[in-house]
Amino acid sequence: MMKTEDYMKIALAEARKAADCGEVPVGAVLVRDGLILAQAHNAPVTDADPSAHAEMLAIRRACAKTGNYRLTGAELYVTLEPCVMCAGVILQARLGRVVFGARDPKAGAVATLYQILNDSRLNHQVEVTEGALKEECAKILSRFFKEKRVGTHLVNR
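A. Fine view of unusual backbone geometry. Within the chain, Ala48 stands out as a residue other than glycine whose phi angle is a positive 50°. Among the secondary structure elements, Ala48 is positioned in the loop between helix 2 (44-47) and helix 3 (54-66). On the basis of relative accessible area, Ala48 is assigned to the exposed category, the value being 70%. Here Leu133, not a glycine, exhibits a phi torsion of approximately 50°, which is positive.

Here is the structure:
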C-alpha cells in the first residue's frame, strides 16, 4: 500500500514535467481506494487555457475515467496549495481529502488566504492535510521562479 509520501513523490515528478515545459512546477495525483485515477501537471501556457492547473486536469481525467463527475472519497495529492478555482472544483467533485506540500502565500485558498474546503456555509467540506514533502515542494517552486527571474531554466539540474 502506498503512503502519502509515495503519492507526493509522483506529484513532484509531475511538477518536474511542468517545469520542463516552462510551466509553473505544480503536480497532482488523484487516488481512490489506493488506486491512482489520474495524475497531471500545470499546463495553462502549453494549453492556452487558464484553467489547466494540475488539480483541474487530474480531476477532469479522473472524471472521464470513472464516467462520473463526482469523485466521492477520492484523495488529491498536490505539490502546491490549491487556488480558489481549484478549491471550487474540489468541492464540486466531492473529494474526500486534499494533501498539499507547500503553502501558496499569494493564491492559497485551502489554508493560507482562505479556507474554502472547510467553510461550513458550503454544502461539502474536505479534509485537508498540509506539509507533505513541504521542503521539496517549496524548493522546486522557488528554484523555478529564481531561474525565471535571471533568465535561466535549470530546474532539473
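B. Local environment of the environment of Cys63. Structurally, the position occupied by Cys63 is in helix 3. Expressed as a C-alpha distance, the spacing of Cys63 and Ala38, which sit 25 residues apart in the sequence, is 9.1 Å.

C. Inspection of the layout of surface pockets at higher detail. Computed from the structure, the largest pocket encloses a volume of approximately 280 Å³. Leu80, Arg103, Asp104, Pro105 and Leu141 are the residues nearest the centre of the largest pocket, which is lined by 14 residues in total. Sorting elements by how many residues they give to the lining of the largest pocket places helix 5 (residues 134-150) first, with 4 residues. Looking at the lining of the largest pocket, its residues break down into 7 nonpolar, 2 polar and 5 charged.

D. The sheet that holds strand 3 (residues 75-80), seen in detail. On the basis of which strands lie adjacent, the open sheet formed by 5 strands has the order 2-1-3-4-5 and mixed pairing. Each of the sheet's edge strands pairs with one partner strand only, and the pair in question is strand 2 (35-41) and strand 5 (127-130). Direction aside, neighbouring strands of the sheet carry axes that sit 15° apart on average. Set on the sheet, helix 3 makes contact with strand 1 (27-32), strand 2 and strand 3; between it and strand 2 the angle comes to about 140°.

E. Structural context of the pairing of strand 2. Looking at chain direction, strand 1 and strand 2 are connected through 6 bridges and run antiparallel. Directly across from Leu30, in strand 2, lies its bridge partner Ala38. Between the antiparallel neighbours strand 1 and strand 2 lie 2 residues, among them Asp33 with a positive phi of about 55°.

F. View of the packing of aromatic side chains. Applying the stated criterion to the full structure yields 2 aromatic pairs. The interplanar angle of 85° and the centroid separation of 5.2 Å between the aromatic rings of Phe144 and Phe145 together place this pair among those described as edge-to-face.

G. Geometry of the environment of Leu117. With respect to the helices and strands, Leu117 occurs in the loop between strand 4 (97-102) and strand 5. Residue classification places Leu117 among the buried positions, given a relative accessible area of 0%. Those residues in contact with Leu117, other than ones at most four positions away along the chain, are Ala87, Ile90, Leu91, Val98, Ala109, Val110, His124, Gln125, Val126 and Val128.

Rules used throughout
Residues numbered from 1 in each chain as written. Predicted model: local features only at pLDDT ≥ 70, side-chain atom pairs only at ≥ 80, totals over all residues. Heavy atoms only, no water. Helix = DSSP H or I, 4+ residues; strand = E, 2+ residues; numbered from the N terminus. Buried < 20%, exposed > 50% of the residue type's maximum accessible area, 1.4 Å probe, protein only. 1 Å grid on protein atoms, 1.4 Å probe; cavity = no way out; pocket = protein on both sides within 12 Å on 5 of 7 lines; lining within 4 Å. Points joined across faces, edges and corners; volume = space filled by probe spheres on them. Nonpolar A, V, L, I, M, F, W, Y, C, P; charged D, E, K, R; others polar. Pairing = 2+ DSSP bridges. Axes fitted to C-alpha atoms, helices over the stretch in contact; angles between N-to-C directions. Contact = heavy atoms within 4.5 Å. Phe/Tyr/Trp six-rings, centres within 6.5 Å; stacked < 30°, edge-to-face > 60°.

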